[in-house]
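Chains, contacts and geometry: an overview
Chain by chain, the residues:
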Amino acid sequence: MDQIILWLKYFFLGIVQGATEPIPVSSSGHLIIAQRLMGLKQNGLSFEILTNTASLIAIVFIFREDIMKLITGGWGYLRTRKPEYRADFMFCLYIVIGTIPAAVAAVLFKDPIEEIFSSVYTVAVALLVTGVALWLIRNLRGRKQDGDLKTKDAVLVGLAQAVALIPGISRSGATVISSIAVGMKQETALKFSFMLYIPISVGGLVMGASDIAHDPNRTQLAIPYLIAFITTLVVTYFSMRWFMGIMAKGNLKYFSYYCFVVGTLLLIFL
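Reference entry: report on the structure contained in this document. The structure presented is a predicted model; accordingly, all values stated were derived computationally and were not measured. (Residues numbered from 1 in each chain as written. Predicted model: local features only at pLDDT ≥ 70, side-chain atom pairs only at ≥ 80, totals over all residues. Heavy atoms only, no water.)

**Remarks on the overall build of the chain**
For the chain, the count of helices and strands is eleven helices and zero strands. When the helices and strands of the chain are listed from N to C terminus, the series reads α-α-α-α-α-α-α-α-α-α-α. Scaling as 2.2 N^0.38, a compact globule of 270 residues should have a C-alpha radius of gyration of about 18 Å, and the chain matches this with 19 Å. Along the first, second and third principal axes, the C-alpha set of the chain runs to 65 × 40 × 35 Å. Of all 270 residues assigned to the chain, the portion counted as buried reaches 47%. Looking at the chain alone, contacts between residues at least 24 apart form 83% of all its contacts between residues at least 6 apart. Surface summary for the chain: the accessible area is close to 13,500 Å², and the carbon and sulfur share equals 68%. (Helix = DSSP H or I, 4+ residues; strand = E, 2+ residues; numbered from the N terminus. Rg over C-alpha atoms; globule rule 2.2 N^0.38 Å. Buried < 20%, exposed > 50% of the residue type's maximum accessible area, 1.4 Å probe, protein only. Contact = heavy atoms within 4.5 Å. Areas by Shrake-Rupley, 256 points an atom, 1.4 Å probe, with all protein chains shown as cover.)

Laid out in structure tokens, this is it:
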């Protein structure tokens, strides 16, 4: 019975990770809350890396056509310098530029940031901050499309993604909010946000491979981890599809309400 209960707990964690990774409410913050409520304590980064990898696979699958277009167009421009490929090449370049701030911050500060800020109180405050940011940009409708981006846009969004290393600050929220704030259209903001997610997640997987290999609990928790991985993969796919519909309608204000409510409840009860 205890084993079944443990499996159910990891199944629930997979749902939490999958449901919250694409949307602007912080998956890391919700995992901290869920683990506290269920009395689970994760040692090391193996679980986080595995579930993030599951979300990555789902998101890459959803954006596979965009990814192939960017790769093909970017490489085509490098080979031929044809103007019809330039927009794809520049978009790829801006993804690289936007990735640098978070990559540097992760290498230098990820462990101390998580050690200092991984508390329910921090998550509560971060959710309230996210809620305020979502509320401020709720009515913005930018005009910039893929080919209209500039270096400063990529840098600003990249800096916002770096701030999202703090648990409770949503990565998707930070990048979508900043993308809209610099004038991107909803569709472009969504695409740029999740294109930035891919290299950061791949980098996290590469850097964390040793954590998985040396996890002392990997044998004992193999089945619970597998359950969480599969659950995260499936739920992320449907959550991402749902969020794409929300973005198309411009209804980000509802996530603002959610962040206000959850952040306030955490401050009161936890």
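**Points about the nonpolar core**
Within soluble globular proteins, side chains that are nonpolar generally end up buried alongside one another. Phe192, Phe243 and Leu252 are the most contacted members of the largest nonpolar core, which has 46 residues in total. Take this core: its biggest share by element is eight residues, from helix 9 (residues 186-213). With near-sequence residues (within four places) excluded, Leu252 lies in contact with Pro24, Leu134, Ile137, Val176, Ile180, Phe243 and Met247. Of all hydrophobic cores here, the second largest spans eleven residues; its members include Tyr10, Leu31, Met38 and Leu40. (Core = buried A, V, L, I, M, F, W, Y, C linked by side-chain atoms within 4.5 Å.)

**Things to note about the side chain of Ser172**
Within the secondary structure, Ser172 is located in helix 8 (residues 171-181). Residue class for Ser172 comes out buried when judged on its relative accessible area of 1%. In this structure the side chain of Ser172 is engaged in a polar contact, spanning 3.2 Å, whose partner is the side chain of Ser170. Excluding residues within four positions of it along the chain, Ser172 makes contact with Glu21, Pro22, Ile23, Pro24, Ser193 and Phe194. (Polar contact = N/O pair within 3.5 Å; in protein donor to acceptor, adjacent residues only side chain to side chain.)

**Concerning unusual backbone geometry**
Where the residue is not glycine, phi is negative for most of them; where a peptide bond is considered, it is trans in most cases. Of note in the backbone geometry, Ser26 takes a positive phi value of approximately 75° without being a glycine. Considering the arrangement of structural elements, one finds Ser26 in the loop between helix 1 (2-20) and helix 2 (27-38). The backbone phi angle of Arg81 is positive, close to 60°, even though this residue is not glycine. Here Arg81 falls in the exposed class, since its relative accessible area comes to 51%.

**Topic: the environment of Pro22**
Looking at where Pro22 falls in the secondary structure, it is placed in the loop between helix 1 and helix 2. Sequence separation between Pro22 and Leu190 is 168 residues, and the spatial gap between their C-alpha atoms is 10.0 Å. When neighbours within four sequence positions are excluded, Pro22 is seen to be in contact with Ser172, Phe194, Thr236, Ser239, Met240 and Phe243.

**Focus: the packing of aromatic side chains**
Inspection of the entire model under this criterion finds 14 aromatic pairs. A ring pair is formed by Phe47 and Tyr225, whose centres lie 5.7 Å apart and whose planes are at 50°; its orientation type is tilted. With Phe47 in helix 3 (residues 46-62) and Tyr225 in helix 10 (residues 222-249), this residue pair connects regions lying 178 residues apart in the sequence. Its relative accessible area of 8% is what places Tyr225 among the buried residues. Their ring planes at 45° and their centres at 6.0 Å tell us that Trp135 and Tyr257 sit as a pair that is tilted. Taken together, the residues span a long stretch of sequence, with Trp135 in helix 6 (residues 120-136) and Tyr257 in helix 11 (residues 253-269) at a distance of 122 residues. Counting every residue linked through ring pairs, the aromatic cluster contains Phe63, Phe194, Tyr197, Trp242, Phe243 and Phe255. Between the NZ or CZ atom of Arg64 and the centre of the ring of Phe61, over which it lies, the distance is 4.1 Å. (Phe/Tyr/Trp six-rings, centres within 6.5 Å; stacked < 30°, edge-to-face > 60°. Lys NZ or Arg CZ within 6 Å of the ring centre and 35° of its normal.)

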